[in-house]
2 protein chains.
Amino acid sequence: MKDKPSPIRETDEEARRLGRRLLRGARYASLAVIDAQTGFPAVSRALLGMDLDGVPVILVSDLASHTVSLKKDPRCSIMTGEPGKGDPLAHARITAFCTAEPVDRDSDDYSRIRARFVARHRKAELYVDFADFRFFRLVPSSAALNGGFGKAYILAGEELTIRNFSFEAEWLHLQKLVGAMTTEADAAARFLKTRETGDWTISGIDMAGFDLIRGDILLRYEFNEPISGPNEILDRISNFSKTS
Amino acid sequence: MKDKPSPIRETDEEARRLGRRLLRGARYASLAVIDAQTGFPAVSRALLGMDLDGVPVILVSDLASHTVSLKKDPRCSIMTGEPGKGDPLAHARITAFCTAEPVDRDSDDYSRIRARFVARHRKAELYVDFADFRFFRLVPSSAALNGGFGKAYILAGEELTIRNFSFEAEWLHLQKLVGAMTTEADAAARFLKTRETGDWTISGIDMAGFDLIRGDILLRYEFNEPISGPNEILDRISNFSKTS
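Residues numbered from 1 in each chain as written. Chains lettered and ligands numbered in written order. Predicted model: local features only at pLDDT ≥ 70, side-chain atom pairs only at ≥ 80, totals over all residues. Heavy atoms only, no water.

### Comments concerning the sheet that holds strand β10 (residues 217-222) of chain B
Residues and elements named next belong to chain B.
Move 1: Taken in spatial order, the three strands line up as β8-β9-β10 in an open sheet, and their pairing is antiparallel. The outermost strands of the open sheet, each flanked by one partner alone, are β8 (201-206) and β10. Across the sheet, the axes of successive neighbouring strands diverge by a mean angle of 20°, strand direction being ignored.
Move 2: Where strand β9 (residues 209-214) meets β10, six bridges bridge the pair, whose relative direction is antiparallel. The residue of β10 that forms the bridge with L212 is L219.
Move 3: This element, helix α1 (residues 13-24), spans β9 and β10 of the sheet and lies at about 145° to β10. (Pairing = 2+ DSSP bridges. Helix = DSSP H or I, 4+ residues; strand = E, 2+ residues; numbered from the N terminus. Axes fitted to C-alpha atoms, helices over the stretch in contact; angles between N-to-C directions. Contact = heavy atoms within 4.5 Å.)

Set out below in structure tokens:
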């Protein structure tokens, strides 16, 4: 008997970059959990944020069944990457397998995660402080990347997170500064070849890159290599005003 | 101790209609299965078809892990309903909990399901007959409908399927006839208030309504009440040329 041919390609740097961009540049995800009541796999939609270490973050209500399910069994997966026009299967998407960790409202993590999430999803400010809402960090253990027909890859969890990250409060201070760098934000958006020009804002920064938002559009800019620390981010972003 | 307030509204006819339209008018779905290797809930993307009785249909490769998983554990769920512009959570979506039934290639079901699927997804003709591809009927047992913030409903499986359906071969004959009714297809698309005008084709018919396609766009037209049998479908569709 012959083994079936493996459809999985060897993971290269291009695949890792694509996977990170798909995950970090997504406003929302399809979330699969094991339903607490029935044991069925249950898929739903959730807004997606990202913590400083690249770990995906969701904000969910205790009244929603995915939240009840995650409290009982923290195993889950999220899929990001939108089909857009044309054949839905020709568009790249990634499924990250994760373990959900609730974020304690009294922790230092909470204020950081809340600030970053609301900067990305401004309407979430309306309900983020309701008693029944909570954040989960979805720590990835592995991922299946599908770059289109015949382009399947497996990524390790650590290939999606950011190494040598730092949780210093300085990031939040810098976040406020870069939020005012609108010329640079527009230049970065042009660099990413978006059709929507002008009115971009930098909504999130980290060691691996930064997020740009314009209304309900989110773009992810990834550095070629992670920077050495928060002190470097202003320089990197300032460079865009020179090249534009 | 007080019970938590239930976020679930009483299901009315409007909710049932919305749920059916979301499920029957979707080109693709987020599919959640229990991963055969790890036991994790795994979400992926699959093209979606619909059988004559309203049961969702997927076409998947044996090389894909969701197929391996469904063979081991047929419990799954599919989510349809695209976010489009604006807040992703303001857009309606439905999660149908289903049991996957493989479709035997030698069965009568197979030729019907294949013909209907390829009429909806024309590019699938390129690989539908490959030895590793197979259809599953995803028979729904219940569904969670989310019509936007605070509009959650539970539907029963039979509220999503078509009662008194018939699997007569006549449907396939009629399918060919309605495929040529392009004036009526355009009129039905205008009735559904799509912005894309002209060049519509009727790609699928059943007792509850019909599908319209134009390139990669799919629209679902639902009758107010299911028709009595295949003989009635031509009359219903012809009516559109009179009202346009």
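Next comes the rest of the write-up.
### Some thoughts on the confidence of the model for chain A
For residues with low pLDDT, the predicted coordinates do not support detailed interpretation.
Move 1: Mean pLDDT for chain A: 92, with 97% of residues reaching 70 or above.
Move 2: For this predicted complex, the interface confidence comes out at an ipTM of 0.93, alongside a pTM of 0.94. (pLDDT = per-residue confidence, 0-100.)

### As for the interface of chain A and chain B
Move 1: Taken together, the contact between chain A and chain B spans 43 residues of the former and 43 residues of the latter.
Move 2: Summing both partners gives a buried area of about 3600 Å² for chain A against chain B, and 64% of it is carried by carbon and sulfur.
Move 3: On the chain A side of the contact with chain B, F40, V43 and R45 of chain A bury the most area, a combined 21% of that side's loss.
Move 4: Joining chain A to chain B, the criterion identifies zero salt bridges.
Move 5: The interface formed by chain A and chain B includes nine residue pairs in polar contact (both at pLDDT 80 or more).
Move 6: Elements with a minimum of two residues in the side of chain A that touches chain B: β1 (28-34), β2 (41-50), β4 (75-80) and β5 (93-102) of chain A. (Buried area = accessible area lost by both parts, 1.4 Å probe. Salt bridge = Lys/Arg side-chain N within 4 Å of Asp/Glu carboxyl O. Polar contact = N/O pair within 3.5 Å; in protein donor to acceptor, adjacent residues only side chain to side chain.)

### Here we look at the packing of aromatic side chains
All names here are of chain A.
Move 1: Here the structure, examined in full by the defined rule, presents 24 aromatic pairs over all chains.
Move 2: Aromatic pair F191 and Y221: ring centres 5.7 Å apart, planes at 55°, arrangement tilted. Pair noted here: F191 is in helix α5 (residues 182-191) and Y221 is in strand β10 (residues 217-222), with a separation of 30 residues, a long-range link.
Move 3: On the basis of relative accessibility, which here comes to 13%, the residue Y221 falls in the buried class. (Phe/Tyr/Trp six-rings, centres within 6.5 Å; stacked < 30°, edge-to-face > 60°. Buried < 20%, exposed > 50% of the residue type's maximum accessible area, 1.4 Å probe, protein only.)

### Thoughts on the relation of the copies chain A and chain B
Between the two copies of the chain lies a rotation about an axis combined with a shift along it.
Move 1: Expressed as a screw operation, the relation of chain A to chain B combines 0.0 Å of axial shift with a rotation of 180°, fitting to an RMSD of 0.0 Å. Each copy turns onto its partner about a two-fold axis.
Move 2: Take the interface residues of chain A: 100% of them recur as interface residues in chain B, which is what a same-surface contact looks like. (Least-squares fit on C-alpha atoms with pLDDT ≥ 70 in both.)

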